[in-house]
Amino acid sequence: MSLLEIKGLRVTVDKREIIKGVDLNISKGEIHVLMGPNACGKTSLALAIMGYPTYKITKGELRFKDIDLRKHDITSRARLGLGMAYQSPPEVRGVKLRDILRLIAGSPPWNPTEEKEGIASRYIEKVRLSVDRFLSRDLNLGFSGGERKRSELAQLFAQRPDLMILDEPDSGVDIDSLKLIGKEIDEFQKEEGCAVLIITHHRHILQYLRPNLCHIMYDGRIVDRGDPDCLIPCIESVGYEGFIERLQVCERVKEVEKYG
Amino acid sequence: MDERKREVIRELGNVYEEYDKKFPAWLKKSRSLAREIYLDYEERGFPACRFGVDFDLLAYRPDIGKEHPPRRSLDELSEDMKRRAESAGQSISEHDRTGTRLQEDATTTYLSVTSKAKQTLFSRYPDGLIVEDIEDAVLGYSWIEKLWSHIYPINLDKYTAYNAGYSRGGVFVWVKQGVKVELPLQICFFVETQMYAQLPRILVIAEPHSRLHLISGCLTQSGCNAGLHGCITEIYVGEGAEVTYSMIHNFGPEFHVRPKIGAIVEKDATYIENLIIIGPCKSDQAYPTAVLRGEGAKAVIRCIILGVEQSSIDVGSAIIFSNEGTRAELISRAVATDESKIKMRGNLKSYAKRTKGHLECRGLLLSPLAQAWAYPQLRSISPEADLTHEAAIGKIADEELYYLMSRGLTENEATSMIARGFLDVETPGFPPLLRHEIDKVISTSLKRVL
């Protein structure tokens, strides 16, 4: 049985269809990559899985741990074990990174009489952010690109989800941070045995993760899936447009073969 | 003016004629003049006050406050009063405080300095800090005459004249030159008699290069839900001195609150004010004003407002830049819940060169029936003044809410966390423990509301 089961999923935003029939199955402990050109619906798919109300599921099935997710709101989906690291998380003025980390990890609110910062600093250290500088910073406010990605990971680690959806954890990140992020995700995944769905444009981060399957998304559909080691070099050499053209040629060849 | 009002004023006149006998001649004269001016306001129906709703002052009586026996410690307060005092930043154990003054209705029931302050502050400067009942102070120090009603002239408006004519109780705080009072001094005002008009006066003098932090909690007890609290606070911040004045209001749903707070800030001195309104009220109007009189003077006024139930709150602050190189920041943050109405005002007036001021009014509406207004105002006669403002009113962005919910927080937890963060204004020099206490109060209030 799959951890996440998506069948014929269609999603609209403001009455415009964005996801046009997606099938996706992720089993426990698997790492899947989702690739595709900009604005093809990758993030929309992730947000629809997370339960953002603006992303309306019009058709299809969405199940997690064999539970129909359509009846659950964002909070209960998160509590079921879904977690997401955002590509560009919003700035939340006044909410301290420390407070959100403690709340996620289930510790009581911080009290200034406490000598130690407790669990929050552990997660901040884990992603190599400076504890002194980041504990009492407002969430994402004035964070650099790399700092945002790390703070997203720290929150996700505190949450300990069964399925991590990582939306471009590698975009806008320098080479050192990339290495660190890749290694941390890999380590955490191995320790926790959680499943991962990673959205990315580059193969660099995949060096650290060894994904099981790669899905190619185009215009709201998953048009191909297969071994990442075959698919990714192919896309890198011809680009998405070229890749799609070839796919269409293949389809036509199949049709010709079938009907003569 | 109807016969009832006339009758009440006559009665009060007789009561106060007797009450005022103890005061020096200058004060007797000033008070009786203020009463005449008040009568004028009532009789001629002058505009009551620039801001806030007008109400019938004479429905409340400043002469009906009960006599309360003195207390040996704050521990003698009832559990309900303790809880309420703590909700207004007052420490019952007086931990990390210099001292406490407690006023119940018009009676001072507790006035003491902590042993910690005795060991540190008072062992070095035995007379470094004077905290007295204001009515004793006017008898002891004749020079107070020059400072009395100097910032708030008795004819400013109906409410000022009313306090100036009928005030009872209050406190005089005097920090001597160079004395730094590190731990906050707490002053607590309880209204315990139904329909009582509590009209204290507060006079604060910080001599040059001194430092002082006052935490004033204005409250009522559970059984008393209707009344009036109208104090006049005049603060003089001497050259190079630093005064922080934190005031927390937590009253009942039928209370009118009219505090007048004014400060004169001298050369290179700093004045920081935090006005925090957390409890319900019928109306609360305040317009703290700081005059930056000396060169390089600095002021920060923060208004943090949590509107609950049907409170009508009109809070603003003003800075008058009257000397070169003065700087100020006004910050208003309001969270409006239930059916509360909150008006935020801010006014920067520059009359000097090289002045710099920023004004911020932000409101968050958490209920479809709540309302908020923002009135930022800037005025300058100097081309070298740099005055800016920003104002915003809205609800919590869905994006932020969903973001926190996707970490497993419920919608209410996320809302409360964002609202708390919104009201938690970074306050340099603010004791972290007090900030934490205020945060606790706000989160309890939010929990109740949401």
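Structure: above.
Description of the structure in this document.

**Let's talk about the overall build of chain A**
Inference 1: Within chain A one finds eight helices and 12 strands.
Inference 2: The C-alpha extent of chain A, read off along each of the three principal axes, is 80 × 40 × 35 Å.
Inference 3: Counting only residues that meet the buried cut, chain A has 52% of its 260 residues in that class.
Inference 4: Restricting to contacts in chain A with at least 6 residues of sequence separation, those with at least 24 account for 65%.
Inference 5: Per element, the accessible surface of chain A, about 12300 Å² overall, is 47% carbon and sulfur.

**Focus: the packing of helix H3 (residues 97-105) of chain A against helix H4 (residues 119-126) of chain A**
Residue and element names in this part refer to chain A.
Inference 1: Running from N to C, H3 and H4 cross one another at 105°; their axes reach a closest spacing of 8 Å. On the basis of their axis angle, the class for H3 and H4 is roughly perpendicular. Counted together, Leu-97, Arg-98, Leu-101, Arg-102 and Ala-105 of H3 and Ile-119, Ala-120, Tyr-123 and Ile-124 of H4 form the full contact between these two elements.
Inference 2: Each residue belonging to the contact of H3 with H4 can be placed in one class, and the counts come to seven nonpolar, no polar and two charged.

**Focus on the interface of chain B and chain A**
Inference 1: Every contact between the two is made by 23 residues of chain B and, on the other side, 33 residues of chain A.
Inference 2: A combined buried area of about 2200 Å² lies between chain B and chain A, and 64% of that area is made up of carbon and sulfur atoms.
Inference 3: Considering only the surface of chain B that becomes buried against chain A, Tyr402(B), Tyr403(B) and Arg407(B) emerge as the three largest contributors, covering 32% of it.
Inference 4: Our count for the contact surface shared by chain B and chain A stands at two salt bridges.
Inference 5: Where chain B touches chain A, the interface holds 11 residue pairs in polar contact (both at pLDDT 80 or more).

**Some remarks on the sheet that holds strand E10 (residues 195-199) of chain A**
All names here are of chain A.
Inference 1: If you walk across this open sheet you meet the six strands as E6-E9-E10-E3-E11-E12, and the pairing is mixed. At either end of the open sheet lies a strand with only one pairing partner, and these are strand E6 (82-85) and strand E12 (221-226). Between one strand and the next, the sheet's axes are offset by a mean angle of 20°, whatever the strand orientation.
Inference 2: Against the sheet, helix H1 (residues 42-50) contacts strand E3 (31-35), E6, strand E9 (163-167), E10 and strand E11 (213-218), and its axis sits at roughly 145° relative to E6.
Inference 3: Here helix H8 (residues 228-259) sits on the sheet in contact with E3, E11 and E12, set at roughly 15° to E11.

**Observations concerning H1(A)**
Residues and elements named next belong to chain A.
Inference 1: For H1, a buried count of eight out of nine residues is recorded, marking the element as mostly surrounded by other parts of the structure.
Inference 2: Along H1, the residues classified as buried are Lys-42, Ser-44, Leu-45, Ala-46, Leu-47, Ala-48, Ile-49 and Met-50.
Inference 3: Looking one or two places after H1, you find Gly-51, whose phi comes out positive at around 100°.

**Quick look at unusual backbone geometry**
Inference 1: Even without being a glycine, Asn140(A) presents a positive backbone phi close to 65°.
Inference 2: Tracing the sequence through the fold places Asn140(A) in the loop between strand E8 (138-139) and helix H6 (145-159).
Inference 3: Of the residues examined, Asn140(A) reaches a relative accessible area of 0% and is grouped as buried.
Inference 4: Despite not being glycine, Arg354(B) shows a phi value in the positive range, around 50°.

**Details of the side chain of Thr270(B)**
Inference 1: Here Thr270(B) lies in strand E14 (residues 270-277).
Inference 2: Once residues lying within four places of it in the same chain are set aside, the contact partners of Thr270(B) are Val237(B), Ala241(B), Glu242(B), Val243(B), Val265(B) and Lys298(B).

**Let's talk about the sheet that holds strand E4 (residues 56-64) of chain A**
All names here are of chain A.
Inference 1: Read across the sheet, four strands follow the order E2-E1-E4-E5 without closing on themselves; strand pairing throughout is antiparallel. Looking along the sheet, the strands with just one partner apiece sit at the ends: strand E2 (16-26) and strand E5 (67-68).
Inference 2: H1 rests against strand E1 (4-13), E2 and E4 of the sheet, and its axis sits at about 70° to E2.

**Remarks on the pairing of strand E17 (residues 298-307) of chain B**
Residues and elements named next belong to chain B.
Inference 1: The buried count for E17 comes to nine of 10 residues, which makes it a mostly enclosed element.
Inference 2: Pairing geometry for E17 and strand E19 (residues 327-336), over 10 bridges, is parallel. Looking at the pairing, Gly-307 lines up with Ala-336 of E19.

**Things to note about the pairing of strand E21 (residues 356-365) of chain B**
Residues and elements named next belong to chain B.
Inference 1: Of all the 10 residues making up E21, seven are buried; the element is thus mostly covered by neighbouring parts of the structure.
Inference 2: Pairing between E19 and E21: 10 bridges, direction parallel. In the strand pairing of E21, Ala-336 is matched with Leu-365.
Inference 3: Inspection of the sheet shows E21 paired to strand E23 (residues 386-394) by nine bridges, in the parallel sense. Of the residues in E23, the one forming a bridge with Cys-361 is Ala-391.

Definitions and limits used
- Residues numbered from 1 in each chain as written.
- Chains lettered and ligands numbered in written order.
- Predicted model: local features only at pLDDT ≥ 70, side-chain atom pairs only at ≥ 80, totals over all residues.
- Heavy atoms only, no water.
- Helix = DSSP H or I, 4+ residues; strand = E, 2+ residues; numbered from the N terminus.
- Buried < 20%, exposed > 50% of the residue type's maximum accessible area, 1.4 Å probe, protein only.
- Contact = heavy atoms within 4.5 Å.
- Areas by Shrake-Rupley, 256 points an atom, 1.4 Å probe, with all protein chains shown as cover.
- Axes fitted to C-alpha atoms, helices over the stretch in contact; angles between N-to-C directions.
- Parallel < 35°, antiparallel > 145°, perpendicular 65-115°, else oblique.
- Nonpolar A, V, L, I, M, F, W, Y, C, P; charged D, E, K, R; others polar.
- Buried area = accessible area lost by both parts, 1.4 Å probe.
- Salt bridge = Lys/Arg side-chain N within 4 Å of Asp/Glu carboxyl O.
- Polar contact = N/O pair within 3.5 Å; in protein donor to acceptor, adjacent residues only side chain to side chain.
- Pairing = 2+ DSSP bridges.

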